[in-house]
Structures are given as structure tokens and as C-alpha cells.
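Residue strings, one per chain:
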Amino acid sequence: MENNTLKAIELATSLQELEDIRIKAFGKKGNITELFVLLKELEGDTKKIKARELNALKSQIESALATKKEILKAQELADQLKKERIDMTLFNTSSNYGSMHPVSITLEKIIDYFVAMNFSLRSGPLVEDDFHNFQALNIPEYHPARDMQDTFYFNDGKVLRTHTSPVQIRTMEQESFPIRMICPGAVFRRDYDLTHTPMFHQVEGLVVEEKGKISFSHLKFILEDFLHYMFGGDISVRFRSSFFPFTEPSAEVDISCIFCKGNGCRVCSHTGWLEVLGCGIVDRNVFAAVHYENVSGYAFGMGVERFAMLIHAVSDLRSFFESDLRILEQFS
Ligand code: PHE
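Residues numbered from 1 in each chain as written. Predicted model: local features only at pLDDT ≥ 70, side-chain atom pairs only at ≥ 80, totals over all residues. Heavy atoms only, no water.

Draft legend 1. Up close: the pattern of salt bridges. All told, the structure shown has 13 salt bridges when counted by the stated rule. Between R240 and E275 there is a salt bridge, with its nearest N and O atoms 4.0 Å apart. In this pair, R240 is assigned in strand β6 (residues 237-244) and E275 in strand β8 (residues 273-282), connecting sequence segments 35 residues apart. In this structure R240 comes out as partly exposed when scored by relative accessible area, which is 28%. Since its relative accessible area comes to 37%, E275 is described here as partly exposed. In this structure, R326 engages D324 in a salt bridge whose closest nitrogen and oxygen atoms are separated by 2.8 Å. We classify R326 as exposed; its relative accessible area is 65%. Salt bridges linked by common partners bring R238, R240, E252, D254 and E275 together as one network. (Salt bridge = Lys/Arg side-chain N within 4 Å of Asp/Glu carboxyl O. Helix = DSSP H or I, 4+ residues; strand = E, 2+ residues; numbered from the N terminus. Buried < 20%, exposed > 50% of the residue type's maximum accessible area, 1.4 Å probe, protein only.)

Draft legend 2. Spatial organisation of the sheet that holds strand β7 (residues 247-256). The strand order across the open sheet formed by seven strands is β1-β4-β5-β9-β8-β7-β6, and the pairing between neighbours is mixed. Two strands in the sheet have a free side with no partner beyond their single neighbour: β1 (120-121) and β6. The pairing of β1 with strand β4 (residues 179-188) spans two bridges and is classified as parallel. Residue pairing across strands places L121 opposite I182, the latter belonging to β4. Here helix α5 (residues 102-116) sits on the sheet in contact with β1, β4, β5 (199-210) and β9 (295-303), set at roughly 165° to β4. (Pairing = 2+ DSSP bridges. Contact = heavy atoms within 4.5 Å. Axes fitted to C-alpha atoms, helices over the stretch in contact; angles between N-to-C directions.)

Draft legend 3. Fine view of the environment of S250. Relative to the assigned elements, S250 resides in strand β7. Counting along the chain gives 34 residues from S250 to F216, while the straight-line C-alpha distance between them is 9.7 Å. Within the local environment of S250, its side chain forms a polar contact with the side chain of T247, the two groups lying 2.7 Å apart. (Polar contact = N/O pair within 3.5 Å; in protein donor to acceptor, adjacent residues only side chain to side chain.)

Draft legend 4. The pairing of β6, seen in detail. The sheet contact formed by β6 and β7 spans seven bridges and is antiparallel. Following the sheet pairing, F244 is matched in β7 by T247. Hairpin remark: β6 followed by β7, antiparallel, with two residues in the connecting loop.

Draft legend 5. A look at the domain arrangement of the protein. Entries for the protein in the domain assignment read domain 1 (2-84) and domain 2 (102-331). The distance between the C-alpha centroids of domain 1 and domain 2 comes to 80 Å. (Domains from an automatic or database assignment.)

Draft legend 6. Here's a closer look at the side chain of H201. Checked against the element boundaries, H201 lands in strand β5. Classification of H201 as buried rests on a relative accessible area of 17%. Polar side-chain contacts of H201 include one of 2.6 Å to the side chain of E305. Residue contacts for H201: discarding those within four places in its chain leaves V103, G185, A186, M302, G303, V304 and E305.

Draft legend 7. Highlighting the state of the cysteines. This structure, assessed with the given rule, holds zero disulfides. Summary of cysteine pairing: C268 is not part of a disulfide, and the nearest cysteine sulfur, belonging to C260, is at 3.7 Å. (Disulfide = S-S within 2.5 Å.)

Draft legend 8. Looking closely at the site of the ligand. Neighbouring the ligand are the residues H163, S165, R189, Q202, E204, F244, F246, G278, C279, A299, F300 and G301. The separation between an oxygen atom of the ligand and a polar side-chain atom of R189 is 2.9 Å. Secondary-structure elements contributing two or more residues to the shell around the ligand are β5, β8 and β9. The element that contributes the greatest number of residues to the shell around the ligand is β9, accounting for three residues. Among the residues forming the shell around the ligand, the class breakdown is five nonpolar, five polar and two charged. (Near = heavy atom within 4 Å. Nonpolar A, V, L, I, M, F, W, Y, C, P; charged D, E, K, R; others polar.)

Draft legend 9. The arrangement of a nonpolar patch on the surface in detail. A surface patch of nonpolar side chains, amounting to about 230 Å² of accessible area, comprises L126, V127 and F154. Tracing the backbone through its elements, the reader meets L126 in the loop between β1 and β2 (127-128). Looking at L126, the relative accessible area reads 37%, which means it is partly exposed. (Patch = residues over 30% accessible without salt bridge, like charges linked within 9 Å, V, L, I, M, F, W, Y side chains within 5 Å. Areas by Shrake-Rupley, 256 points an atom, 1.4 Å probe, with all protein chains shown as cover.)

Written as C-alpha cells, this is what we have:
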């Protein structure tokens, strides 16, 4: 019998089988357990001898079990690793190529135009100080654009830039005119709904030349041309007078609705027009903040996502940033 248990241990091929053998030997009704019970009925030397034999057998089986357990454990791990092995070098014929994000596609299209028009690219920090994000742009302390609802503030008074306009300021601080630049980049505002996300992208443009060399008609020409490039030659463009602290005069630019051709629909709120840009002649206070004298200039700014939404007829801006491949793949 004792040989049987040891033999069985030797032949066991799984941890489960080994456990069954252990229970068969040492369980409540196990062979070895029962031998120990029988031992109680013996007496004297016979009992002593039998007891010694039995204890020896017990520890022999126990150590056989322990040894075998280690072996089987290692084996099962090895088997599992073998089963789960992935060949990283295998060519996966089912995989798709990635594609450009719709916001990147739109951004590149915008940049392409302005680079072709001899604008150069500038960038600046995402975390801005009060001076560059507000003050130098003629946004005094009480201006509503500073409202806590719009701006992400840090404890030290710095902000996540709310527009790309601070890059204008930084560029003028570092370079002398003439300037002909665009600055694409991420901006941040505390907003979240169908047409707003807390992070979005703007492209801002700035042209500065000697006083008298820049007029509103230069601005009008470049933006009309740009909007026809973006939306096609048959759209209409209109300039609507507006207000920005950093430009005077200022205008918002509308295009005729590309969905209803100006007849009125839900997207254009039945006005026939879609607002796409802000622009104006740079306010003299902005030039004063960077110590520019005898200059004139124009600036404009646009939201990249707004263009992407219009071009791809997307009604919920948030879907651009939810990383749902089923949506993003449609733009490839
Ligand atoms: N900075 C403005 C905004 O974020 C856009 C703008 C830029 C308007 C330049 C006019 C001139 O809304």
C-alpha cells in the first residue's frame, strides 16, 4: 500500500491529481490516517515499532508530495507560458493602418495655406502668465474674459492660455517688425458642451509692418482668399463689426452656410451664415505693451475644431476627443 502511494506520486501529471493522492493518504478517511487509528489498538513494543515505521512512511510520503508539487508547479507554469506565447514578429494581416485625426487634417490644411502665403510658424508655452495672456492684450483686470468660468487658473496666478494670442506678444517681444506669422496650438477654457471642449486648438495670425503699410483691406483680402480655399469658391464671406480688446476696429467673419447654401437650416440657426473667425486691426495698446512704435498690423484667430466640424459635418465636438475608433476611422 505504501508503495502504491509513492508510486502514484511519481506518476502524477497534474497538481490536481497530486492533491487527490494527498487526500487519499492523509484525508479523514485516508489510508495513512487509518493506519494511525489502528495503531491505537496495539500495545507495547509492537506499537512502538509500528509507530516508528508509520511515522517514517508518513514523512517519506510527505516529502515525496512536496518535491513532486514543486516539479508540477514549474511544469504547469511552463505549459501556460508556452500556450500564451505571442510571436511579436508575426505579420498581422488583419491590422489597419492608422489615419490622421480629423483635427490634425484640418490644422495641416490651414497651415499649408498660410505657409504658402509667406507666413512663418511660431509657438509658445501652454502655461502663461497674466501679462502675456491678458494684460499685454489690452484685457484689463475687470474684463469678463478673465472670469473664473472661462479660465483655468493655477495657484500662483498663472493660467492655461485661453487663446493663442499670447504668442503674438512673445513674438513681438523677441523680434522686430516686419512680422508675418501664424501660431497654431492648444488652448484651454472651462467649457464642455456640444460645441465646446476644455481643450481645443486655435490658429492665430499676426502681420505687423511700418505704420501706414497695413490696412483693413489687406486683412479682408487674405481672410476671404483663405475661406474660399477652405470651403470652396462659391461661398460668400461677410465681415460683421465686433469687439475684441486687442483689435480696433474688430470684426467677426461669417461664411454663407455650407449646409443650406444660405437658405437657413438648423446648423446656421436659420440665419444662413456661419461664424468662423475673429479679426481686426491691432490695438495701439498692444503695440505699446511690447514697445513697438510707428507700426500698423492686423490679427486674426480661428478655432480649428470649428472648421473640422463644418468640413466633416460633425455635430458634437466632443466626439473628436473621445478616441472612439469607429468615429475616427470615418475620416481616414
Ligand atoms: N484671440 C481671440 C479669441 O480667442 C481670437 C482673435 C484673434 C480675434 C485675433 C481677433 C484677433 O477669441
